[in-house]
Amino acid sequence: MQKRVVITGLGVISPVGTGLERFWSSLTGGISGIRSVTRFDTTDFKTKIAGEVIDFEPSGYIDRKEARRMDRFTQFAVAAAGMAIEDAALDLESADRDRIGVILGSGIGGIETLEEQAGVLAGRGPGRVSPFFVPMMIANMGAGQIAINFRLRGPNITSVTACASSSNAIGDAFKMLQWGHADVMITGGTEAPITPLALAGFCSMKAMSTRNEEPKRASRPFDSSRDGFVVAEGSAILVLETLEHALARGARIYAELAGYGSSCDAYHITAPDPEGGGAANSMRAAIADAGIEAEAVDYINAHATSTPPGDIAEVKAIKSVFGKHAYKLAVSSTKSMTGHLLGAAGGLEAMACVLAIYNGIIPPTINLEQPDPECDLDFVPNTARKAEIKVALTNSFGFGGHNATLAIKNF
């Protein structure tokens, strides 16, 4: 018999604040974390804005020497994991560390280190490339360093499925627990993609907003004047446990993770299936896995990145899955405030669902002033809403056609 899985700890580093309290008060207050890029000169870039993390100092969480041997995406992961473990009141000294694993998602990994060391190679030659280059850059090092720092010897895996990475990671961690391969899983995502090369690449794709004079109004999912996504950085880590393990130690339970679905559009390397077929399959699979009816879903945290084709495709997918119930659902995009954390987005948005269920508040879609006529659902515009949420879905869709959906229930 499959085990039930619950969420007992949350840790977050985000453009709208580090720590649960700041993160949640910003989301429910409709506060944007988008600002002009400060990490490098954007004079020659068409897009000059991003969701930067501005209140994070690694030495507050990680030994200074060790932090210097980590890319920024790994620093985020280790720090957020520490917050989540503390929030879960998980006593690692008395725990069976062989039964605690880590599955993390990251779409890009250590690109800051890659760019920096490529510059060293070009300017100073191969003998000056850092011996720490490879273990700082590879995408699995977030998960590896969490395990090393907290001595967690259970399953350790990294999911790299572009912007679906951390939702796939959470779903795979969920299955590990259901199948009895671990008692506790540390899971979620981490990303630090605000670098010259990454920004230039997205600019060349013409995928990002160029609303540089109004950063806080740039991310505007479902709005008729949206012109692309806003890239962002950060980490969101959840502690998942089997219900029996959580009850045995008297843990505070935020919510129950009940279902996971994944699919592929098999359509295009970057564009979504315009009819939302893959996204619909992912949602249907999560609903079936949770053993619920579609009409039981109260809220969807949409992938909705603020791109013209992507938002429409997701709306079509929701209508396909839910029929008339689509118009009774609350749907919102917290990317309107946080920007798009790429491989860490799913973790951040799963956390938003957990907190929405736990606190009875739906975070809004800000900057929704003139809805696209093809986007005609209840997007909780501009102001948070009190509501009892029994079941929420969160969607994540990535380049390559990857789709992942998580179903979360109140406990």
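What comes next concerns the included structure. Predicted model only: the values in this text are computed from it and were never measured.

With that settled, consider the pattern of salt bridges. Enumeration over the complete set of coordinates arrives at 23 salt bridges. Arg 153 is the partner of Asp 98 in a salt bridge, and the nearest nitrogen-oxygen pair spans 2.7 Å. Residue Asp 98 is located in the loop between helix 3 (72-87) and strand 5 (100-105), and its partner Arg 153 is located in the loop between helix 6 (141-150) and strand 6 (156-159); the two are separated by 55 residues in the primary sequence. Notably, a salt bridge pairs Arg 217 with Glu 214, separated by 2.5 Å at the nearest N-O pair. Since its relative accessible area comes to 31%, Glu 214 is described here as partly exposed.

Attention now goes to the nonpolar core. Formed by 50 residues in total, the largest nonpolar core has its most connected members in Ile 7, Leu 10, Leu 240, Leu 257, Met 351 and Ile 408. Elements with a minimum of two residues in this core: strand 1 (5-14), helix 1 (20-28), helix 7 (165-178), strand 8 (234-242), strand 9 (255-264), helix 13 (345-359) and strand 15 (402-409). It is helix 13 that contributes the most residues to this core, 10 residues altogether.

This next bit is on the packing of aromatic side chains. In the structure shown here, the tally under the stated rule is six aromatic pairs. Ring geometry for Phe 56 and Phe 76: centres 5.2 Å apart, planes at 65°, overall edge-to-face. Taken together, the residues span a long stretch of sequence, with Phe 56 in the loop between strand 4 (49-50) and helix 2 (64-67) and Phe 76 in helix 3 at a distance of 20 residues. Overall, Phe 56 belongs to the buried group, its relative accessible area being 10%.

Okay, helix 6 next. Counting buried positions over the 10 residues of helix 6 gives eight, a clear majority of the element. In this structure, the buried side of helix 6 is in contact with helix 3, strand 5, helix 5 (133-137), strand 6, strand 7 (184-191) and strand 8. Phi for Arg 151, located one or two positions after helix 6, is positive at around 55°.

What follows covers a positive patch on the surface. Taken together, the side chains of Arg 64, Lys 65, Arg 68 and Arg 69 define a basic patch exposed on the protein surface. Along the chain, Arg 64 falls in helix 2. Exposure remark for Arg 64: the relative accessible area of 54% places this residue in the exposed category.

Quick notes on the rules
- Residues numbered from 1 in each chain as written.
- Predicted model: local features only at pLDDT ≥ 70, side-chain atom pairs only at ≥ 80, totals over all residues.
- Heavy atoms only, no water.
- Salt bridge = Lys/Arg side-chain N within 4 Å of Asp/Glu carboxyl O.
- Helix = DSSP H or I, 4+ residues; strand = E, 2+ residues; numbered from the N terminus.
- Buried < 20%, exposed > 50% of the residue type's maximum accessible area, 1.4 Å probe, protein only.
- Core = buried A, V, L, I, M, F, W, Y, C linked by side-chain atoms within 4.5 Å.
- Phe/Tyr/Trp six-rings, centres within 6.5 Å; stacked < 30°, edge-to-face > 60°.
- Contact = heavy atoms within 4.5 Å.
- Patch = residues over 30% accessible without salt bridge, like charges linked within 9 Å, V, L, I, M, F, W, Y side chains within 5 Å.
- Areas by Shrake-Rupley, 256 points an atom, 1.4 Å probe, with all protein chains shown as cover.
- Lys, Arg positive; Asp, Glu negative; His and termini not counted.
- Charge placed at Lys NZ, Arg CZ, Asp CG, Glu CD.

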